[in-house]
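# Reading the structure
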Amino acid sequence: MTQTATVMDPLVTRMREFGTTIFAEMSALAVRTGAVNLGQGFPDTDGPPEMLEAAAAALRAGRNQYPPGPGIPELRAAIAAHQRRFWALDYDPDGEVLVTAGATEAIAAAVLALCEPGAEVVCFEPYYDSYAAGIALAGGVRRPVTLRPGPDGRYGFDPDELRAAFGPRTRLVLLNSPHNPTGKVFDRDELTLIASLCQEYDVPVVTDEVYEHLVFTDAAAPHIPLATLPGMRDRTLRVSSAGKTFSCTGWKVGWVSGPAPLVSAVTRVKQFLTYVNGAPLQPAVAVALGLGDDYYAAFTADLQAKRDLLAAGLTDAGFTVQRSEGTYFITVDIAPVGGHDGIDFCRALPTAAGVVAVPTQVFYDHVEAGRRLVRFAFCKRPEILREAATRLRHATFAS
């Protein structure tokens with residue numbers, strides 16, 4: 001009698017909750033169905049020509065071998081200059097700035113460097129999916145605080161819920177502002193509370209600020225780096241990248257800046273992840289960071305116009321549109337069009353409307369808080385957004 005062998009899952013237990021990312025699933029669905037892809041957050045236009053030309057020149061000049069471990073000197077200097085120029089933060093390019101393979105590696109390396117197994121990490125949900133994976137890899141424990149849309153559509157959190165998330169095992173705080181996927185920009189009062197708790201419990205913070213230049217004129221507050229608040233510069237690791245600001249998400253050139261002891265800790269982990277990356281792209285990013293204020297203003301204005309275009313289309317299609325103060329994204333409540341579950345809705349949407357979106361419930365521990373919320377990306381050409389809006393307006397959604 002032949003016995004069927006039981007195939008054991010070889011994956012370590014702490015990573016078994018993580019399957020294929022929702023972004024990969026939805027992008028594959030877009031390709032398979034020919035739908036307009038408003039799921040994954042990447043632009044469909046290239047970045048500034050000065051940056052692209054600098055990359056081509058670096059390739060031709062032979063800058064194709066390993067760069068220095070912390071990043072090439074001119075890029076680290078450009079990052080430090082950028083911090084002074086926009087946020088009045090002074091960092092030493094030699095020791096307080098580290099170039100990484102995008103913000104994703106920066107966050108993963110920071111969590112792995114700063115969290116022992118069993119340590120608790122306070123974060124806000126919905127969270128970018130790599131946060132949960134990084135915490136799991138470190139053997140940490142998530143302590144999420146839920147962001148919920150208020151009567152004005154702006155996302156907020158319960159201060160008592162945030163206080164309750166801190167405790168004797170808290171080792172790190174992860175803060176993303178401007179926030180993906182909600183488009184929320186944390187205001188000064190909210191940041192002050194976070195800062196006070198970090199100081200009370202003596203914990204460092206990793207701030208994901210990749211959308212630092214994508215805050216819209218009608219936001220409730222401007223972008224305020226947490227590191228600029230009293231007592232926070234020396235306990236904050238600021239993370240950003242070129243991908244979002246300069247429309248080059250595939251380059252994966254990011255950075256960490258902060259006090260030397262924290263940056264050194266991240267460096268010691270990062271060197272065993274990718275070691276280095278993007279040699280000919282690093283000098284090009286240095287050029288981009290030095291572009292004039294007119295570039296940054298035009299970039300933000302263009303994205304705000306695209307947000308408004310898609311928001312109007314989503315409203316016309318019957319969704320309840322939540323307020324987006326920044327980033328590439330806008331979220332909607334699907335209940336008015338008969339939706340009950342974001343995952344089911346998004347899997348059916350390409351057939352129903354020829355459009356792909358992302359269900360945000362996959363970014364929550366408290367799934368019910370996000371079950372009816374869906375994220376659309378508006379970092380696309382206006383004609384693509386108009387086509388998506390037309391398709392959604394004429395779609396029939398299953399109830």
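None of the values given here were measured: they were computed from a predicted structure.

### Side note on the overall build of the chain
Per the secondary structure count, the chain includes 13 helices and 15 strands. Taken over the C-alpha trace, the chain has a radius of gyration of 21 Å; the compact-globule value for 399 residues is 21 Å, and the two agree within 12%. Expressed as lengths along the three principal axes of its C-alpha atoms, the size of the chain is roughly 60 × 60 × 55 Å. Sorting the 399 residues of the chain into buried and exposed places 58% on the buried side. Relative to all contacts within the chain whose residues are 6 or more apart in sequence, the contacts with residues 24 or more apart total 74%. Total accessible area computed for the chain in this model is approximately 16,500 Å², and 54% of it derives from carbon and sulfur atoms. Both charge centroids of the chain, one from 36 positive and one from 44 negative side chains, sit 3 Å from each other.

### Here's the deal with the packing of helix α4 (residues 102-114) against helix α5 (residues 129-137)
When two helices pack together, their arrangement is given by the angle between their axes and by how far apart the axes lie. Between α4 and α5, the least distance of the axes is 9 Å, while the angle of their chain directions is 30°. In terms of orientation, α4 lies roughly parallel with respect to α5. Crossing of α4 against α5: the hand is right-handed. Facing α4, whose interface residues are Thr104, Ile107, Val111 and Leu112, α5 presents Ser130, Tyr131, Gly134, Ile135 and Leu137.

### Notes on empty space enclosed by the protein
Counted under the stated rule, the structure contains one cavity of 30 Å³ or more. If you trace the largest cavity, you find it lined by Leu175, Asn176, Ser177, Leu191, Thr207, Asp208, Glu209, His223, Ile224, Pro225 and Leu226. Taken together, the elements giving at least two residues each to the lining of the largest cavity come down to β7 (170-176) and β8 (205-208). Its residues placed into classes, the lining of the largest cavity shows five nonpolar, four polar and two charged.

### Let's talk about helix α13 (residues 382-393)
For α13, built from 12 residues, the straight-helix expectation of 16 Å at 1.5 Å per residue is met to within 8% by its first-to-last C-alpha distance of 16 Å. Three or more residues of α13 are buried, namely Leu385, Ala388, Ala389 and Leu392. End-on view of α13: buried residues confined to an arc of 100°, all on one side of the axis. Buried positions along α13 lie against β1 (36-37), α11 (293-316), α12 (342-353), β13 (355-356) and β15 (373-377).

### Observations regarding the pairing of strand β3 (residues 120-125)
Judged by how many residues are buried, β3 sits mostly within the fold: six of six residues are covered. A two-sided burial pattern is seen for β3, the buried positions comprising Glu120, Val122 and Phe124 on one face and Val121, Cys123 and Glu125 on the other. For β3 and strand β4 (residues 141-146), the ladder comprises six bridges, and the chain directions are parallel. Looking at β4, one finds that Cys123 is bridged to Pro144. Each parallel crossover has a hand, and the one from β3 via α5 to β4 is right-handed. Bridging between β3 and β7 involves three bridges; their strand directions are parallel. Across the sheet, the residue bridging to Val122 is Val173, located in β7.

### So, the pairing of β15
β15 sits mainly inside the fold: five of its five residues count as buried. Here β15 shows two buried faces, one formed by Leu373, Arg375 and Ala377 and the other by Val374 and Phe376. Bridge count for strand β12 (residues 329-333) against β15 is five bridges, and the pairing is antiparallel. If you follow Phe329 over to β15, its bridge partner there is Ala377.

### Focus on the nonpolar core
Ranked by internal contacts, the top residues of the largest apolar core, which has 99 residues, are Phe246, Phe319, Phe376 and Leu392. Within the second largest apolar cluster, 26 residues are counted, among which are Tyr155, Val173, Ala195 and Leu229.

### Topic: the layout of surface pockets
Put simply, the largest pocket is a space of about 990 Å³. The wall of the largest pocket is formed by 42 residues, among which Thr21, Phe23, Tyr128, Asp129 and Ser130 lie closest to the centre. Elements represented by at least two residues in the lining of the largest pocket include exactly α1 (22-33), α4, α5 and α8 (242-245). Looking at the lining of the largest pocket element by element, the count peaks at six residues for α5. When its residues are assigned to classes, the lining of the largest pocket shows 19 nonpolar, 15 polar and eight charged.

### A few points about the environment of Gly134
Looking at the secondary structure, you find Gly134 in helix α5. Looking at Gly134, the relative accessible area reads 5%, which means it is buried. Gly134 sits 70 residues away from Asn64 along the chain, and the two C-alpha atoms are 30 Å apart.

### Focus: the UniProt feature "domain: Aminotransferase class I/classII large" (unreviewed entry) in the chain
Here the UniProt-annotated "domain: Aminotransferase class I/classII large" (unreviewed entry) positions come out as residues 36-392. Helix makes up 39% of residues 36-392 and strand 17%, with an end-to-end C-alpha separation of 11 Å.

### Let's talk about the state of the cysteines
Enumeration over the complete set of coordinates arrives at zero disulfides. Here Cys123 stays unpaired: no disulfide links it, and the sulfur of Cys115, its closest cysteine neighbor, is 11 Å away. This cysteine, Cys379, is not joined by any disulfide, and Cys248 carries the nearest cysteine sulfur, 13 Å off.

The rules behind each value
Along every chain, residues carry numbers that run from 1 in the direction the sequence is written. Totals for whole chains, interfaces and linings use every residue, but because this is a predicted model, local features are given only for residues with pLDDT of at least 70 and side-chain atom pairs only at 80 or more, for both listing and counting. Think of the side-chain values as coming from all heavy atoms in the structure, minus any hydrogens and water. Segments assigned H or I by DSSP are reported as helices when at least four residues long, segments assigned E as strands when at least two residues long, and all are numbered from the N terminus. In this description the radius of gyration comes from C-alpha coordinates, and the expected globular size is given by 2.2 Å times residues to the power 0.38. A 1.4 Å probe rolled over the protein chains alone gives each residue an accessible area, and that area as a share of the maximum for its type sets the label: buried under 20%, exposed over 50%, partly exposed in between. In what follows, residue pairs with any heavy atoms lying within 4.5 Å of each other are defined as contacts. With residues, only the protein chains shown are counted as cover, and all accessible areas are computed by Shrake-Rupley using a 1.4 Å probe. The convention is simple: Lys and Arg are positive, Asp and Glu are negative, and His and the chain ends are not counted. Taken as the charge centre is NZ of Lys, CZ of Arg, CG of Asp or CD of Glu, depending on the residue. Every angle, taken between N-to-C directions, lies between 0 and 180 degrees, and every axis is a line fitted to C-alpha atoms, over only the stretch in contact when it is a helix. Angles below 35 degrees are treated as roughly parallel, those above 145 as roughly antiparallel, those between 65 and 115 as roughly perpendicular, and all remaining angles as oblique. Here a crossing is taken to be left-handed if its near helix is turned anticlockwise relative to the far helix by less than a right angle, and right-handed if that turn runs clockwise. For cavity detection a 1 Å grid was placed over the protein atoms alone, and a set of points counts as a cavity when a 1.4 Å probe fits there but cannot get out; an open set counts as a pocket when protein lies on both sides within 12 Å along at least five of seven lines, with lining residues being those that have an atom within 4 Å of a point. Grid points are joined across faces, edges and corners, and a volume is the space filled by probe spheres set on the points. Any residue outside Ala, Val, Leu, Ile, Met, Phe, Trp, Tyr, Cys, Pro, Asp, Glu, Lys and Arg is labelled polar, Gly included; the first ten of those are nonpolar and the last four are charged. To estimate how far a helix should reach, multiply one less than its number of residues by 1.5 Å. Directions from the helix axis toward the C-beta atoms define the arc. Strands pair, by our definition, only if DSSP identifies at least two bridges between them. Handedness of a crossover is defined as follows: with both strands directed away from the viewer, a clockwise route from the first strand across the helix to the second makes it right-handed. Here the nonpolar core consists of buried residues drawn from Ala, Val, Leu, Ile, Met, Phe, Trp, Tyr and Cys, with membership extended through side-chain atoms lying within 4.5 Å. UniProt positions are given in the numbering used here, feature names are shortened, and annotations may be inferred rather than shown by experiment. We call a pair of cysteine sulfur atoms a disulfide when they lie within 2.5 Å.

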